[in-house]
Each structure stands twice: as C-alpha cells, then as structure tokens.
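# Residue-level structural notes
Each chain, letter by letter, is given below.
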Amino acid sequence: MESIVQLRLIAQMSVTLAGFAGVVVSFQYLQAVKVTRGDALGLVMMVNISLVNAFFALLPLILSNFAIKEESTIWAICSMVSAINYSIFFYYIQGQLKLVQVRRAFTKVIFKLFFCSGILAIIINIINAVYYRDYALYFIILVLPLIYTAYLFMRLVSRPLWKAIRRQEKDIS
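Below is a summary of the structure that appears in this document. Computed from a prediction, not measured in an experiment: that's the story for all the values here.

So, about the overall build of the chain. Each helix and strand counted, the chain has 5 helices and 0 strands in total. Starting at the N terminus and ending at the C terminus, the chain contains elements arranged as α-α-α-α-α. The principal-axis extents of the C-alpha atoms in the chain amount to approximately 65 × 30 × 20 Å. Within the span of the chain, comprising 173 residues, buried residues form 36% of the whole. Summed over all atoms, the accessible surface of the chain reaches about 10800 Å², with 68% contributed by carbon and sulfur. The positive charge centre, built from 16 side chains, and the negative charge centre, built from 7, are 16 Å apart in the chain.

If you want it as structure tokens, here you go:
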C-alpha cells in the first residue's frame, strides 16, 4: 500500500491534536474557570473526532494484515464502517446540541457547516463503499475531521484568551 505513510501521518496528527487538547484544558481549568456546556461539548467533540479519525486512519492497515489483500475491498470496508460511525456520531451530536444554547450567528453557521459536511461524509463514504472503492475518497473523509479538530483546537486555545482580555478591558473602564 503506497498510502501507508499518509495514513500514519493522519493518525499521528489526530492523536497529537487530542493530546494537546487535553493538556490545554488541564491548564485552563486548573484556574477554576467557569465551564459551559458548549465548551465541554466542543472539547468532547474534538477528542472524539480526533481519536476516531486516528482509528479510521489505521483501519486499512489493520485490515491489510488480516488476509484482505485487494485494496479496493479494504477501501470499501473502511468507507462503510466510517459511514456507520459518522451516522451514529451525527445522531449523538444532534442530541447534545439540543442542550446547548448557541447565541452567536457565526457559531451557528459553523455548526451548520459541520452538519452539512457530516452528511456529505456519509454520502461520500457510502458511494465509495458501493461504487468507487478508492483511496482518494477515503483520504478526503480522513482530512475533513482534521479540519474540524484544528478549528476546535484554535477555539479552545483562543476563546479563554479573548474572555480574559474582555474582563481586563471591563475592569479598566
């Protein structure tokens, strides 16, 4: 498999993002910062998406060690399992978001983009499993979660910083 290096890189990046998120959160909440349900959901989404993405990056390697030598079969199996996973996670996040109040219009747009890309990922995975059985489509579905988690990590790091700046500006006024 020529794609092994790319899959390993995606797995490493995914685990690294999850690990750094844990470190950042540990330091942030040592300071007794008020935690909202939205913050907790964002962190849970980030860690879950990262670790599950690492699993799906390694799944083709696992399958290739179990006498499945035809690459198209590996991509089909991985895509179908990924579609099932996306469907379950989509349902879970929808239920969790009902408990979160989203006030900012920008955040609402981001969540809608996440949902649209989640639906698109399910469709692409099913199409890949049934028709194409190609690495390229599977690879795209592995890159999307990296984009999500990078955004969530950026938010995790920058949001408390901006809150502290607003508090300082308010205290000066």
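Our focus in this paragraph is the packing of helix H3 (residues 71-97) against helix H5 (residues 135-172). It is the contact of H3 with H5, at a shortest axis distance of 10 Å, that shows an interaxial angle of 35°. Crossing geometry of H3 relative to H5 is assigned as left-handed. Listed contacts from H5 to Trp75, Cys78, Ser79, Ser82 and Tyr86 of H3 are Tyr135, Tyr138, Ile141 and Pro145.

Two aromatic rings are characterised by how far apart their centres lie and by the angle between their planes. Taken as a whole, this structure holds 8 aromatic pairs when the rule is applied. Relative to Tyr148, the ring of Phe114 has its centre 4.9 Å away and its plane inclined at 55°; by these criteria the two rings are tilted. Taken together, the residues Phe114 in helix H4 (residues 105-132) and Tyr148 in helix H5 connect sequence positions 34 residues apart. Take Phe114 and Tyr148: they sit in the same class, and that class is buried. Where Phe114 meets Tyr151, the ring centres are 6.0 Å apart and the plane angle is 80°; that geometry is what we call edge-to-face. With Phe114 in helix H4 and Tyr151 in helix H5, this pair connects stretches of sequence that are 37 residues apart. The rings of Trp75, Tyr135, Tyr138 and Phe139 are connected pair by pair, giving a single aromatic cluster.

Attention now goes to H3. Taking 1.5 Å per residue, 27 residues should reach 39 Å; H3 reaches 38 Å between its end C-alpha atoms and fits that length. Every buried residue belonging to H3 is among Ile74, Trp75, Ala76, Cys78, Ser79, Ser82, Ala83, Tyr86, Ile93 and Leu97, and all of these are buried.

The next point concerns unusual backbone geometry. When glycine is set aside, most residues are seen to have a negative phi, and most peptide bonds are trans. Here the phi dihedral of Arg133 falls at roughly 55°; this positive angle occurs in a residue that is not glycine. Topologically, Arg133 is positioned in the loop between H4 and H5.

The next point concerns the environment of Phe114. On the basis of relative accessibility, which here comes to 15%, the residue Phe114 falls in the buried class. In this structure, the C-alpha to C-alpha distance between Phe114 and Leu144, residues 30 residues apart in sequence, is 9.6 Å. The residues touching Phe114, leaving out its near neighbours within four places in the chain, are Met45, Tyr148, Tyr151 and Leu152.

What counts as what
- Residues numbered from 1 in each chain as written.
- Predicted model: local features only at pLDDT ≥ 70, side-chain atom pairs only at ≥ 80, totals over all residues.
- Heavy atoms only, no water.
- Helix = DSSP H or I, 4+ residues; strand = E, 2+ residues; numbered from the N terminus.
- Buried < 20%, exposed > 50% of the residue type's maximum accessible area, 1.4 Å probe, protein only.
- Areas by Shrake-Rupley, 256 points an atom, 1.4 Å probe, with all protein chains shown as cover.
- Lys, Arg positive; Asp, Glu negative; His and termini not counted.
- Charge placed at Lys NZ, Arg CZ, Asp CG, Glu CD.
- Axes fitted to C-alpha atoms, helices over the stretch in contact; angles between N-to-C directions.
- Left-handed = near helix turned anticlockwise from the far one by under 90°.
- Contact = heavy atoms within 4.5 Å.
- Phe/Tyr/Trp six-rings, centres within 6.5 Å; stacked < 30°, edge-to-face > 60°.
- Expected span 1.5 Å × (residues − 1).

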